[in-house]
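Below, each chain spelled out in residue letters.
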Amino acid sequence: MSEEKKDDDFPVVVGGGEPLPSAPSVEPNPIDTTAATADGASRAPPLSQPSYYQASFHEHFYPHEYDPAVDGDGAGLHPKKKGLSLFQRYAASNARRPWVHLLSALVASIALSFVGLKFGNFKVQVDNVGWWSRNTEVADRATQEWLVKLNRREMFFDETGEVWDELQSEVQGSWQRKEDEGEESNNEAVDETETVEKVCSGEWYGGLEMTSPKERNLISVWKASGGDEEETDLLSAQALFDLCAAEENTLRALEERGACHECGDGKCVHPYSLAFLAKLYLLDHDKSKLFSLPEEVTCEGLRDAWSPSVRKHFVIALQICAGFAVRLARGEVKGPIVLPGTNATVFDPCPFPVPFSPAVVDELFLPSEGGKRVRYSSSIYATKRANDVVEAMYDANQDDDAYDRGGRGGGAEAVYDTIDEDFSDLYADAIVGRDMTLAVGSAGVTVFAMLLHTRSPFLTFIFMGLLQILLSFPLSYFVYHFLGGIVFFPFLNFIGIFVVFALGADDVFVAVDKWKNARNELPHATTEQVAALALPDAAYAMLLTSVTTSVAFFSTAISPVGPIVC
């Protein structure tokens, strides 16, 4: 009958009643069979060195008896059997009850993964405000910039400085969530009634809704092109024609996709731009013609009417507006302004019938810089902010190339995005998606290598292969969020998928090789005995490889390169 014992008291009798053979005898070294001592007497041949697993096996399970001829007075004594460590006992327990351990670990892993992903608000984004809480110099500067951006409206109307003092002296506990709340509100059912009213009344032009990131308006950034760099100018007749024609074509593309605000005639309202201000200037600043500009002044008519004299006076008007905007931003305007050469006082010397936005000129155009040319400008379109509309605008720009980018006769060229840079975020998300395809490909290669090495679909896909690699990611997020207390998860963290697959496959190779080596060296040992020796040895090797890899990643914390640190 087989004798059953547990842990370090492993069975010495196998099924069938046959006792296990005694400890393997030590074979003499065939090389030195004729070796002799100095006096010519023959000596015993040297013994071969047992392997690590053989030595451990005999140390824990079958200690040698002392040989009187070798050990003299130790005849008849037996060395004490060395007990198993805690890890060896656990490894033996795994071999004794494998399904219990496998299912227990699987259930616990899936439960923790579900908790981490569900209650940890797992969400991958390109623009995650949370990463700015890392307390590096780069992160602190980005945090300050974002706080100013979130509170710029309050700061603009803050005459006492209380808002600025509060931002400097008090911790802003909920600032990381403000952007998320704003994004959640940008859904298909968003109410834009107030915005439409301002658009159709003309208050949108130059107002806060026009440049607010929350409104997500489409914007094109223009660059003067063609000819000498020193001579390029968006205020030339050809450049203004380019702007005007491109805006009309882009408006038609927006109308086809229902992405713009309409005011009863089924057409998008005119964007705010240099061409828009130039048309108003030609119409003697008549605000009543605000919504009929395309019919009142065509693009060809704008180009034909743009004489050197008209351009000169328009430049003066722009410089007055730009200079006043700078003084207003610096807090230098405290009351009414006396117009030069007159006794008239005004609160806003800008001659245009709508508020002026500095986005239509570049910084070198300011009077203090002595500039009379505009090299860079912007056109801002009154578009809807729902997520599906923004995605449709992105597709029109990226896939359909529906927006006019200028380039007629070398006047101006444009690129498009929203004021909140949604196109950049969507493009980065798409790039990440393509990179994830590479990750899936690398995973396929890794799985094939594991299958080739283990020659076991069960080991490759279930027990210790693909499943443990896949579960390691959500389990890491559970630790990352709940134990580490980190609330951000930027998309760059997904680069770790390559490392996870590499380390997971390496652990599989180490465990399988350790087991094979132990089994080959101990052909008569039981499965529990092999597990007690091989699995802790494999775990130690896995620990060393994981520690060295983590140290390599932690070393980037001292890197002077900002993107690597953050």
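Quick look at the structure, then. (Residues numbered from 1 in each chain as written. Predicted model: local features only at pLDDT ≥ 70, side-chain atom pairs only at ≥ 80, totals over all residues. Heavy atoms only, no water.)

### So, the environment of Lys 372
To keep it simple, the criterion reads: Secondary structure follows DSSP: runs of H or I at least 4 residues long count as helices, runs of E at least 2 residues long count as strands, and numbering of each begins at the N terminus. We call two residues in contact when some of their heavy atoms are within 4.5 Å.
In this fold, Lys 372 is placed in the loop between β3 (345–346) and β4 (376–380). The spacing of Lys 372 and Ile 316 is 56 residues in sequence and 8.6 Å in space, taken between C-alpha atoms. Excluding residues within four positions of it along the chain, Lys 372 makes contact with Asp 233, Leu 235, Arg 311, Val 315, Gln 319 and Phe 365.

### Some remarks on the side chain of Arg 96
What counts, and what does not: Per-residue accessibility, obtained with a 1.4 Å probe over protein chains only, is compared with the maximum for each type, and a residue is labelled buried under 20%, exposed over 50%, and partly exposed between these values.
Examined against the element boundaries, Arg 96 turns out to sit in helix α3 (residues 86–96). Look at Arg 96 and you get buried, because its relative accessible area is 19%.

### Focus on the state of the cysteines
Heads up, the condition is: Put simply, a disulfide is two cysteine sulfurs that come within 2.5 Å.
The final tally for this structure, using the stated rule, is four disulfides. A disulfide bridge connects Cys 200 with Cys 263, and the sulfur atoms are separated by 2.2 Å. When the S-S torsion is -95°, as for the bridge of Cys 200 with Cys 263, the disulfide is left-handed. Here the residue Cys 200 occupies a position in helix α9 (residues 193–201), and Cys 263 occupies one in the loop between α11 (237–256) and α12 (274–282), the gap between them amounting to 63 residues.

### Quick look at the environment of Asn 387
Counting through the fold element by element, Asn 387 comes out in helix α16 (residues 387–398). Counting along the chain gives 35 residues from Asn 387 to Asp 422, while the straight-line C-alpha distance between them is 9.7 Å.

### Thoughts on the nonpolar core
We apply this condition: By convention a nonpolar core is built from buried Ala, Val, Leu, Ile, Met, Phe, Trp, Tyr and Cys residues, the set being connected through side-chain atoms within 4.5 Å.
Within the largest apolar cluster, 69 residues are counted, with the highest numbers of intra-cluster contacts made by Tyr 272, Leu 274, Leu 277, Phe 314, Leu 318 and Phe 356. Sorting the residues of this core by element identifies β1 (218–224), α11, α12, α14 (299–305), α15 (308–329), α16 and β5 (412–418) as the ones contributing at least two each. With residues up to four places along the chain from it excluded, the contact list for Phe 314 reads Leu 235, Leu 274, Leu 277, Ala 278, Tyr 281, Trp 306 and Phe 352. Counting residues in each nonpolar core, the second largest holds 15 residues, with Ala 439, Met 450, Ile 469 and Phe 494 among its members.

### Concerning the pattern of salt bridges
Rules: Every case where a carboxyl oxygen of Asp or Glu lies within 4 Å of a side-chain nitrogen of Lys or Arg is listed as a salt bridge.
The final tally for this structure, using the stated rule, is eleven salt bridges. Linking Glu 215 and Arg 385 is a salt bridge whose minimum nitrogen-to-oxygen distance equals 3.2 Å. Taken together, the positions of Glu 215 in the loop between α10 (208–211) and β1 and Arg 385 in the loop between β4 and α16 put the pair 170 residues apart, joining distant regions of the chain. Across this residue pair, the class does not change: Glu 215 and Arg 385 are buried. Connected via shared salt-bridge partners are Glu 192, Glu 215 and Arg 385.

### What about unusual backbone geometry?
Phi at Asp 284 takes a positive value of approximately 60°, unusual for a residue other than glycine. Turning to its location among the elements, Asp 284 is positioned in the loop between α12 and α13 (293–296). One non-glycine residue, Asp 401, lies in the positive phi region at around 50°. Summarising the element assignment, Asp 401 is placed in the loop between α16 and β5.

### Concerning the packing of aromatic side chains
To be explicit about the condition: Here a Phe, Tyr or Trp ring, Trp counted by its six-membered ring, pairs with any other such ring whose centre lies within 6.5 Å, and the pair is stacked when the planes are under 30 degrees apart, edge-to-face when over 60, and tilted otherwise. By definition, being over a ring means that NZ of Lys or CZ of Arg is both within 6 Å of the ring centre and within 35 degrees of the ring normal.
Evaluated as defined, the whole model comprises 15 aromatic pairs. An aromatic cluster is defined as three or more aromatic residues linked by ring pairs; in this entry it consists of Trp 204, Tyr 205, Tyr 272 and Phe 276. Geometry around Phe 241 places Arg 303 over its ring, the cationic atom sitting 3.9 Å from the centre.

### Let's talk about the packing of helix α20 (residues 496–521) against helix α21 (residues 527–554)
To keep things clear, this is the line we draw: Axes here refer to lines fitted to C-alpha atoms; in helices the fit is confined to the stretch in contact. Angles between the N-to-C directions go from 0 to 180 degrees. Any angle that falls under 35 degrees is termed roughly parallel, while one over 145 is termed roughly antiparallel, one within 65 to 115 roughly perpendicular, and all others oblique. It is the rotation of the near helix from the far one that decides the hand of a crossing: anticlockwise by less than a right angle makes it left-handed, clockwise makes it right-handed. Asp, Glu, Lys and Arg are counted as charged, while Ala, Val, Leu, Ile, Met, Phe, Trp, Tyr, Cys and Pro are counted as nonpolar; the rest, among them Gly, fall into the polar class.
In contact at an axis separation of 9 Å, α20 and α21 are set at 150° when each is read in the N-to-C sense. Relative to α21, the element α20 lies roughly antiparallel. Relative to α21, α20 is oriented so that their crossing is right-handed. Across from Val 499, Leu 503, Asp 506, Asp 507, Val 510, Ala 511, Lys 514, Trp 515, Ala 518 and Arg 519 in α20, the residues of α21 making contact are Thr 527, Val 530, Ala 531, Ala 534, Leu 535, Asp 537, Ala 538, Ala 541, Met 542, Thr 545, Thr 549 and Phe 553. Looking at the contact of α20 with α21 residue by residue, the class counts come to 14 nonpolar, three polar and five charged.

### Quick word on a nonpolar patch on the surface
Quick note on the threshold: Candidates for patches are residues over 30% relative accessible area with no salt bridge; among them, like charges are joined within 9 Å and nonpolar side chains (Val, Leu, Ile, Met, Phe, Trp, Tyr) within 5 Å. Residue exposure ignores everything except the shown protein chains as possible cover, and the areas themselves are Shrake-Rupley values with a 1.4 Å probe.
A grouping of Phe 114, Phe 119, Val 479, Phe 482 and Leu 483 is seen on the molecular surface, where their side chains present a nonpolar patch of about 540 Å² in accessible area. Of all the secondary structure elements, the ones that give two or more residues to the nonpolar patch are α4 (98–119) and α19 (466–483). It is α19 that contributes the most residues to the nonpolar patch, three residues altogether. Mapped onto the elements, Phe 482 comes out in helix α19.

Don't take any of this as a statement about function, it's just geometry.
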